[in-house]
Amino acid sequence: MAAEEETCETIQGRLNVLAKSLVSERNSVLYYDTLIQKTDDSDSVGKGTRRMYAELRDEEKKHVQTIQSMIEYWEQRLKELNA
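Structural notes, computed from the coordinates. (Residues numbered from 1 in each chain as written. Predicted model: local features only at pLDDT ≥ 70, side-chain atom pairs only at ≥ 80, totals over all residues. Heavy atoms only, no water.)

### So, the pattern of salt bridges
For the structure on display, the rule yields 5 salt bridges. In this structure, Glu6 and Arg14 form a salt bridge, with 2.7 Å as the shortest nitrogen-oxygen distance. Relative accessible area serves as the criterion here: at 34%, Arg14 is assigned to the partly exposed category. In this structure, the salt-bridge partner of Arg57 is Asp33, at a minimum N-O distance of 3.1 Å. (Salt bridge = Lys/Arg side-chain N within 4 Å of Asp/Glu carboxyl O. Buried < 20%, exposed > 50% of the residue type's maximum accessible area, 1.4 Å probe, protein only.)

### Some details on helix α1 (residues 8–38)
Look at α1: 45 Å from first C-alpha to last across 31 residues, which is about the 45 Å you get at 1.5 Å a residue. Those residues of α1 that fall on the buried side of the exposure criterion are Ile11, Leu15, Leu18, Leu22, Glu25, Val29, Tyr32, Leu35 and Ile36. Residues of α1 that are buried sit in contact with α2 (44–82). (Helix = DSSP H or I, 4+ residues; strand = E, 2+ residues; numbered from the N terminus. Expected span 1.5 Å × (residues − 1). Contact = heavy atoms within 4.5 Å.)

### Overview of the packing of aromatic side chains
The description of two aromatic rings rests on the distance between their centres and on the angle between their planes. Here the structure, examined in full by the defined rule, presents 3 aromatic pairs. Relative to Trp74, the ring of Tyr73 has its centre 4.9 Å away and its plane inclined at 85°; by these criteria the two rings are edge-to-face. A residue is classified by how much of its surface remains accessible, and Tyr73, at 42% relative accessible area, is partly exposed. In this structure an aromatic cluster arises from ring pairing among Tyr31, Tyr32 and Tyr53. (Phe/Tyr/Trp six-rings, centres within 6.5 Å; stacked < 30°, edge-to-face > 60°.)

### With respect to the packing of α1 against α2
The interhelical angle for the contact between α1 and α2, taken along N-to-C directions, is 160°, at an axis separation of 8 Å. Between α1 and α2, the interaxial angle falls into the category roughly antiparallel. The two elements α1 and α2 cross, and the hand of that crossing is left-handed. Taken together, the residues that form the contact of α1 with α2 break down as 20 nonpolar, 6 polar and 10 charged. (Axes fitted to C-alpha atoms, helices over the stretch in contact; angles between N-to-C directions. Parallel < 35°, antiparallel > 145°, perpendicular 65-115°, else oblique. Left-handed = near helix turned anticlockwise from the far one by under 90°. Nonpolar A, V, L, I, M, F, W, Y, C, P; charged D, E, K, R; others polar.)

### Looking at the environment of Leu15
Within the secondary structure, Leu15 is located in helix α1. Aside from chain neighbours lying at most four places away, what touches Leu15 is Ile71, Trp74, Glu75 and Leu78.

### A short note on the nonpolar core
In terms of nonpolar packing, the biggest core is built from 10 residues, these being Ile11, Leu15, Leu18, Leu22, Val29, Val64, Ile67, Ile71, Trp74 and Leu78. Taken together, the elements giving at least two residues each to this core come down to α1 and α2. (Core = buried A, V, L, I, M, F, W, Y, C linked by side-chain atoms within 4.5 Å.)

And the structure:
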């Protein structure tokens, strides 16, 4: 479906999916935070492990930002259709 063919219902469907995705990505950020906290960094392996978890967490944070931007875009489109 082309963007021009969107209806209030199709946009609401998009927003429903994005809301679920946002929850999932936020949960992933919290998950990696927990792993970082629980990982002993007293040796090099632990330090490397924590760094990897931190990098993965940061990637998930980027996903959160992307999804939030998408939500804002589609909420605006929905307002335009309802105007």
